[in-house]
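# A closer look at the structure
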Amino acid sequence: TISKLLAPEISLEGKKILVTAGPTHENIDPVRFIGNYSTGKMGFAIAEAFLQAGAEVHLVTGPVALPDIEHVHMVRVNSAVEMLDACTQLFPEMDAAVMSAAVADYRPAEVATEKIKKKTEELHIHLVKNPDILATLGSLKNKEQVLVGFALETENELENAKEKLNRKNLDLIVLNSMRDAGAGFGHDTNKITLIDEKEARELPLKSKKDVAKDILFTIAGLLKIKNN
């Protein structure tokens, strides 16, 4: 395609990249969970883009219906706590991490060992906050590493994303708006704004494959700056 011919060839050989994808499922009982509509398509596209650029890619994914990517180190997890464990083990060895997973903010305080029966008119589930994986990695990050977060916002998008960038010690944040047609969960397209300390760059609606390349080129630029 023309876009492929025009795209600058980037080699990230020798670089190690961590990518997270998909939702997390927080169990209520053996048959029910709290989750969201994330399909993992964006994270998988990012992992494939880095693989094609020659990087060693580690993909930590929540429950998705997508097959393993050949030559990518796949780690499949279920819950936010499991994703945190996998990421904190891998991150110290990584040059960059792209955290595109839609991690559940809360989980049930207790998981029933048997299926909860429909006995009462109301059922109250006590939820507790999940660990903040992005902030945890932000606190572990060294000066050479690039850490990228995602923000899915419905209001005050830019302000909320910039605040998240600073609070969680990120180098780049990828902003999705739920208000943009063709963006958000389940689509094969996405519309993002790339935000760093200096600027916010709004990009048009593109295929997730092309969005992944935009993210890759931006991170490649950050890695070169970090390595100088």
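Before any of the text, the structure's been laid out above.
Structural notes, computed from the coordinates. All values derive from a computational prediction rather than experimental measurement.

### Digging into the pairing of strand β1 (residues 16-21)
- The buried fraction of β1 amounts to five of the six residues, a majority that puts the element mostly inside the structure.
- Bridge count between β1 and strand β4 (residues 56-61): six bridges; the pairing is parallel. Opposite T20, over in β4, you have V60 as the bridge partner.
- Relative to strand β6 (residues 96-99), β1 runs parallel, the two being bridged by four bridges. Each residue of the ladder has a partner; that of I17, found in β6, is A96.

### Concerning the packing of helix α3 (residues 80-90) against helix α4 (residues 133-140)
- Where α3 meets α4, the closest approach of the two axes is 10 Å, and the angle between their N-to-C directions is 20°. In terms of their interaxial angle, α3 and α4 are classed as roughly parallel. Between α3 and α4 lies a crossing whose hand is right-handed. Where α3 abuts α4, its residues A80, M83, L84, C87 and T88 lie against I133, T136, L137 and L140.
- Residue composition of the contact of α3 with α4, grouped by class: seven nonpolar, two polar and no charged.

The rules behind each value
- Residues numbered from 1 in each chain as written.
- Predicted model: local features only at pLDDT ≥ 70, side-chain atom pairs only at ≥ 80, totals over all residues.
- Heavy atoms only, no water.
- Buried < 20%, exposed > 50% of the residue type's maximum accessible area, 1.4 Å probe, protein only.
- Helix = DSSP H or I, 4+ residues; strand = E, 2+ residues; numbered from the N terminus.
- Pairing = 2+ DSSP bridges.
- Axes fitted to C-alpha atoms, helices over the stretch in contact; angles between N-to-C directions.
- Parallel < 35°, antiparallel > 145°, perpendicular 65-115°, else oblique.
- Left-handed = near helix turned anticlockwise from the far one by under 90°.
- Contact = heavy atoms within 4.5 Å.
- Nonpolar A, V, L, I, M, F, W, Y, C, P; charged D, E, K, R; others polar.

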